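Chain residues, written in single-letter form:
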Amino acid sequence: MKKLKVFKYSILVFGGAISFLGQTSVWAQDSTTPAFEGKIQLTMINRSINQSARFNSNNEILLLNSEQQTVEINLGLSDYLDADEAWRCMFKAYGYRLYEKDRDLTEDDDQLRIDELFLDWSFGNWFASVGKRRNSWGPALAFNPVNVIVPPRNPFRPDQQTEGHPLFWLNYSDDFLSIDLLATRNYDRNWYGRYQRWGARLGLVLDETDIGFYYYDGEPYEDDSEYNRMVGFSYSGNFLNNSTLYAEIASFSQNDRNYYTKAGAVETRDESVVKAAVGSNITLDNNASLLFEVYHNTGGYTEEERKNYLLAVDSVLNPFPDVTRFGVFDDFQFSEMNRNYLLISFRKTSILDKYDITLQTLIAEDASTASEIEGGYNISDYYKINALVKHYTGDEDSEFGNNQVTSELQISLNGSY
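The rules we used
- Residues numbered from 1 in each chain as written.
- Predicted model: local features only at pLDDT ≥ 70, side-chain atom pairs only at ≥ 80, totals over all residues.
- Heavy atoms only, no water.
- Helix = DSSP H or I, 4+ residues; strand = E, 2+ residues; numbered from the N terminus.
- Contact = heavy atoms within 4.5 Å.
- Phe/Tyr/Trp six-rings, centres within 6.5 Å; stacked < 30°, edge-to-face > 60°.
- Buried < 20%, exposed > 50% of the residue type's maximum accessible area, 1.4 Å probe, protein only.
- Lys NZ or Arg CZ within 6 Å of the ring centre and 35° of its normal.

(A) Fine view of the environment of N46. Structurally, N46 is set in strand β1 (residues 35–49). For the pair formed by N46 and I411, sequence separation is 365 residues and the distance between their alpha carbons is 8.9 Å. Discounting residues that sit within four places of it in the chain, N46 has contacts with S66, E67, E408 and L409.

Structure, rendered in structure tokens:
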């Protein structure tokens, strides 16, 4: 009962935040005052635990609960600092709390962070920004190989990744040319960075086509090992009627992945890695769209490499779990256990002016799948109810066949101001 009381109290607290934002939303209409924005999401989760997953057979290792509750809140404040609107500041905060029976909270279960805090300056064709902000590179809509600056995004929900990265950004742009220069460090969540990082982007606009060239590098580490340098290219343009075609390719100077022999020994490889994404977003009638995106990663596992990895997992767990070797689990990375993936996504909004629906499937090279169906009902301009169903399929040697859960249902209440 104690956790239930805490959860109810959190709802009251965050409800008060919504009430406050609701009152200040009127102020945001006046250009002479700061603009406020806020969002809160309360989610109830019910999931079916994958009893046959190698990492958690019979749920004896992770001891997962089938029920969870989460609270997420986003707050934002922005303002122009002069009458000419050349100077602008932005602050965005994010809070997250997970409630789960008999669970010890970790850093990822209870977060309060600054997503963005920066100062912008613009004059003519010039623009500069300093602070923590989300500066994303590349046109890809799901996977994003050239985007190495800010934390990576979920290909199912790329628009929900909101955390930025502390940096200094200088841009020049006109009708045909765009140049970005970036300087930063390897900052952690406490904004501490020890090693210098820098990058540049050159963009060209040719008729209705955008072309980008990317470079990102950094100083060596203390042990004189080189930073994993990235060189990239992107293309985006109109394709047939009501559709766009885009592509990204990035070459990394090093392969940071662990590989395994049949005997379970760890292998590292002195080789470069290429990641690429090619896709098309097609606009359909009646507020609908269809997305296709293919993702290729030479650093992903081949069929043999994936089986060797799973054999290494088996050796850690059998006949008894060896906790000193649980680090092998960290090499199981979502959408990185294969070399090739296909994402298909269909979206339709404004159904009867109140409903929307999204259907998505991610198909891995090993024939396993991760699928989602999401429906939303707009109660008003400020409140929305969402229902999301996730389902994972695949055999015992596949990526999604070894997912922690086989299916999941999420019911969310969203308030935005």
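The structure having been displayed, the exposition proceeds.
(B) Geometry of the side chain of H165. Positionally, H165 belongs in strand β6 (residues 165–173). What H165 contacts, discounting residues up to four positions off in sequence, is G131, K132, R133, I149, V150, T184, R185 and Y187.

(C) Structural context of the packing of aromatic side chains. In this structure the tally under the stated criterion is 24 aromatic pairs. Residues W87 and W121 carry aromatic rings whose centres are separated by 6.4 Å and whose planes lie at 50 degrees to one another, so their mutual orientation is tilted. One end of the pair, W87, is in strand β3 (residues 87–99); the other, W121, is in strand β4 (residues 110–123), with 34 residues separating them in the sequence. Judged by its relative accessible area of 38%, W87 is partly exposed. Geometrically, the ring pair formed by Y195 and Y221 is edge-to-face, given 5.1 Å between the ring centres and 70 degrees between the ring planes. With a gap of 26 residues between them, Y195 in the loop between β7 (177–185) and β8 (196–206) and Y221 in the loop between β9 (209–218) and β10 (230–238) connect regions that are remote in the sequence. The partly exposed category is assigned to Y221, whose relative accessible area is 31%. Put simply, the rings of F55, Y259, Y260, Y301, Y309, F326, F329 and F332 pair up and form one aromatic cluster. For the cation-ring pair, R269 lies above Y259, with the distance from its terminal atom to the ring centre recorded as 3.8 Å.

The quantities given are spatial measurements derived from coordinates; they are silent on function.
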